[in-house]
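Coordinate analysis (summary)
The residues making up each chain are set out below.
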Amino acid sequence: MTDDVVLRLDCASAEDLYEVLWLLGEHIAAGAPIPEPPAEADERLGRVFRSLGDSLGKSGRVV
């Protein structure tokens, strides 16, 4: 496909992304609270979302 978006993540960022997506699913399914991530995870996830936004042409949005 020519419209694929590919992100390369270090292991820590991939773990953080997995955790936040899992917590979001639990929140939607059962109303479980979503705890605030540690500062390091928050920074890594911010970089992931900025990279994804850039790849999608949405780099003007603040995350």
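This text gives an overview of the structure that appears in the document. (Residues numbered from 1 in each chain as written. Predicted model: local features only at pLDDT ≥ 70, side-chain atom pairs only at ≥ 80, totals over all residues. Heavy atoms only, no water.)

Re helix α2 (residues 39-55)
Structural remark: α-helix, 3.6 residues per turn; residues separated by three or four positions point the same way. We count it as follows: Secondary structure counts use DSSP, requiring at least four H or I residues in a row for a helix and at least two E residues in a row for a strand, with both numbered from the N terminus. Expected helix span is taken as 1.5 Å per residue step, with the number of steps being one fewer than the number of residues. Throughout, a contact is declared for two residues whenever any of their heavy atoms are within 4.5 Å.
Look at α2: 24 Å from first C-alpha to last across 17 residues, which is about the 24 Å you get at 1.5 Å a residue. For α2, the elements touching its buried residues are α1 (11-30). Directly beyond the C-terminal end of α2, a positive phi value near 75 degrees is found at Gly 57.

Some thoughts on a negative patch on the surface
Put simply, the rule reads: Two distance rules govern patches: like charges are joined within 9 Å, and nonpolar side chains (Val, Leu, Ile, Met, Phe, Trp, Tyr) within 5 Å, applied only to residues with over 30% relative accessible area and no salt bridge. Every accessible area reported is derived by Shrake-Rupley at a probe size of 1.4 Å, with residue values counting cover from the shown protein chains alone. Salt bridge, as used here: a side-chain nitrogen of Lys or Arg that lies within 4 Å of a carboxyl oxygen of Asp or Glu. The positive count covers Lys and Arg only, the negative count covers Asp and Glu only, and His and the chain ends enter neither. Charge coordinates come from a single atom per side chain, which is NZ of Lys, CZ of Arg, CG of Asp or CD of Glu.
A cluster of acidic residues, Glu 36, Glu 40, Asp 42 and Glu 43, forms a negative patch at the surface. Here Glu 43 is to be found in helix α2.

Re the side chain of Ser 13
Quick reminder of the rule: Exposure categories follow from relative accessible area, calculated using a 1.4 Å probe and restricted to protein chains: below 20% of the type maximum is buried, above 50% is exposed, and the middle band is partly exposed.
Mapped onto the elements, Ser 13 comes out in helix α1. Under the relative-accessibility criterion, Ser 13 is labelled buried at 3%. If we skip the residues at most four places from it in the chain, Ser 13 touches Arg 44 and Val 48.

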